Structure formats: C-alpha cells, structure tokens
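Topology and contacts: notes
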Amino acid sequence: MELVKPTILPEHYRTMSTEEKVSRIHQAKAFFGNELLIPGHHYQREDVIQFADVTGDSLQLAQLCAKSDAAFIVFCGVHFMAETADMLTSPSQTVLLPDLAAGCSMADMATHAQTKRAWKSLTEMYGNTLVPLTYVNSTAAIKAFCGEHGGACLTSSNAKEMVSWALHQKERLLFLPDQHLGRNTAAELGIPLEQMAVWCPHKNELERADGINLDEIRIILWKGHCSVHEKFTVSQINEKRAQFPDTNIIVHPECSYEVVQAADDAGSTSHIIQVIQEAESGTKWAVGTEMNLVNRLAKQHPDKQIESLNPFMCPCLTMNRIDLEHLCWTLDLLREGVYQFEINVPKTITDYAKMALDRMLLSVK
C-alpha cells in the first residue's frame, strides 16, 4: 500500500463538527469490524478513549495487540508504545499512530548514541559488572541495546522483581531512562541512597554524593524523568493534609523519592486504579498521576472524593496530541487504503528488543 509521508493535519478536520468526526470514526469501526483494533492508553484524553476497544498500560496494550487477529491497529498512545506493539505483533498486522508528534519526553531523554557512550565509559570504570535495565517507557533502540547487552525491560508493576533479577546477574545495574522509578524501586528493596549515583548523559559523567567511592555504587540511574510526575511535590502533600487530614495520598513511582516517601501509598497505574476501585465509599483521595486518568477515576467512582494532588496539573501534552481530529483523519485514510504514520521497527532492532522483553516476561512468571 502507499505510505503517506508525514504531513500536517488538513485544516478541514479542525473546522469539522465534533458530531461529524464522531460519526466518521463510528463508520470506520463498522466498516473494518474485527479487522480494526483501537488500543487506548490510560492517560488518553476522554474524547478519544471512548473509541478504544481495549484500555490499559503500554505493555499490556502491546500484548493485547499481539493476541489480536486484527489486521490494523490504530494505537492511541505515544510513539514508544506503538513501537512495542509493532515488535510484538505479526508481520501481517499494521500498526498506525494517529500523530507522529505523540512522543514521550522521558523516552527521548535516552538516545541510542548517548547510551552507547555511557556504556563505554561505565565499563571502563566497572568492567564486566554491569547489566542494563530499561523501563518500557523507552525507545525500541534502547530496548534493543539492553537486549544486546544481557539486560531486560521492566514496567512500574514488576520493577522490584526486575531490579532483583538484574542484581542477581551482575553486581551493578544501569537503570534507564527514569531515575525516579529506579531510585524508588531500589530503595524499596533496601538499597541505601548512598549506593546510587546518577549518570548525566550530557556531561557523560557519574554524579554521586560527596565521599562515596565508585566501588560503593550499585545502582546507576539515568538522568531522565517524566515531565508530568516530576511536578508533584512534598509541599503539595503537606498542604493537602493540612486542609483535609483524612485524604489518602497515592502517587506513581515516577514521582520523586521525597514525594513517594511522603505519600500514603505508591504504585503503578494499575495499582492506583485497583486501590481506588477497592476503597470504601466516602473515602477521599489525592492522586499523583496524569490528569486524564485522575478525572476518569473521579467520574467512575462518584461515591468517593477523587482529585489530583496538584490541582493545576496539565494532562500529558504529548499523549494529548492523539485527538479526535487525528484519529478521524487516520481512519478516513485507512478506508481509502492509505497507511498514514505506519510504525515499522527494523528487524535488527526488533530482535534484540524482544530479547529484553522476553527476559522480563520469563523473569516475572
């Protein structure tokens, strides 16, 4: 089929009524039937998530895509998620991303070139004592790097198991690309903060506390973060407790170490969803994660008081690039036989990246 080069959304989709866009999307879903699968990430905006056939976190959605017989997968998430879906699905399946600008700032904080350079420097320091681990919120190239060098992937749900796995493989680990998830996970396993250091890719150097020898470092954290979760602060927790002492504070482990320590509970997106689902009616919750999900939880559980820990928090800007207009445009083109913004991960990258994913899946069974 013809592959359209990345272009700007035609203006008439911006001026088209919401009713017409909704109608066109429904028509496309009816036209393709079971040949079309629309996965929607938990952080996706509400006007788009209404069309999702399945919802979940990034890896969960990619695995659901792999189990599907759908010929076309229009992934309503961000670029690295669509990459993972492409790597796990069969060659006969086509993965499309409605807007190529829907990236992830965290994933972009670790490039393949930076990681190769860091690995060279770190192996000169530590020899063959390192294993790389990457959060699934990373590019396919970083997943492939970890697979090629004996490492694995992890999610926020299985981070403890995978960090433990890594430290059974080698004395030290390089944790990419989110320093906060790495620090929080290692600390939960009882590793002192003094045995952790931060790798700054721009300076190509290791940042560690004064007086700490290189030999004492066990966890090397890539200097990356989530632009949404890093905006939650301890002062927000203190203010919430001062105003409403009976509020439960639950946050995602992509938040800073200080925020996670100050909260009542911390866990993955699925953990947050489950805890709130199972909470008693009438309880109050301040949630430290992406705003679209917090608003959805509040709507789904009107018997509980649910709000964002940061009332001025904006939704994830890159996730929000997947909007009604781009979804409608993608499906309109697909009906014409045009694959707009098809995601194709090269086989050389896919093979190594799947090694990293497989090591994770085998290790957490």
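The preceding data block contains the structure.
A brief look at the structure comes next. Predicted model only: the values in this text are computed from it and were never measured.

**Things to note about the sheet that holds strand β15 (residues 284-288)**
Strand pairing within a sheet occurs via backbone hydrogen bonds; the two strands may be parallel or antiparallel. Strands sit in the order β14-β13-β15-β16 across an open sheet of four strands; the sheet is parallel. Because the sheet does not close on itself, it has two edges, and the strands there are β14 (265-266) and β16 (305-308). Looking at chain direction, strand β13 (residues 247-251) and β14 are connected through two bridges and run parallel. In the sheet register, isoleucine 250 faces β14, and the bridge partner there is aspartate 265. The strands touched by helix α11 (residues 234-243) within the sheet are β13, β15 and β16, with β13 carrying the most contacts at an inclination of about 160 degrees. In this fold helix α14 (residues 291-300) packs onto β15 and β16, with an angle of close to 170 degrees to the strand it touches most, β16.

**A closer look at the side chain of asparagine 137**
With respect to the element layout, asparagine 137 can be found in the loop between β7 (130-135) and α8 (140-148). You can call asparagine 137 buried: its relative accessible area is 12%. Asparagine 137 has contacts with Ser58, Phe80, Met106, Ala107, Pro177 and Glu254, leaving out every residue within four places of it along the chain.

**Let's talk about the nonpolar core**
In terms of nonpolar packing, the biggest core is built from 124 residues, with Leu173, Ile220, Leu327, Leu331 and Leu334 touching the most fellow members. Ranked by the residues each element gives to this core, the list is headed by helix α15 (residues 324-335), at seven residues. Discounting residues that sit within four places of it in the chain, leucine 173 has contacts with Leu130, Val131, Leu133, Val163, Ala166, Leu167, Arg218, Ile219 and Ile220.

**As for the pairing of β15**
Counting buried positions along β15 gives four out of five residues, so the element sits mostly inside the fold. Taken together, the five bridges between β13 and β15 define a ladder with parallel strand orientation. When the bridges of β15 are listed, asparagine 248 appears paired with tryptophan 285. One ladder, built from four bridges, connects β15 with β16; its direction is parallel. Along β16, the bridge assignment pairs valine 287 with serine 308. Each parallel crossover has a hand, and for β15 linked through α14 to β16 it is right-handed.

Reading the values: the criteria
Residues numbered from 1 in each chain as written. Predicted model: local features only at pLDDT ≥ 70, side-chain atom pairs only at ≥ 80, totals over all residues. Heavy atoms only, no water. Pairing = 2+ DSSP bridges. Helix = DSSP H or I, 4+ residues; strand = E, 2+ residues; numbered from the N terminus. Contact = heavy atoms within 4.5 Å. Axes fitted to C-alpha atoms, helices over the stretch in contact; angles between N-to-C directions. Buried < 20%, exposed > 50% of the residue type's maximum accessible area, 1.4 Å probe, protein only. Core = buried A, V, L, I, M, F, W, Y, C linked by side-chain atoms within 4.5 Å. Right-handed = clockwise from strand over helix to strand, strands pointing away.

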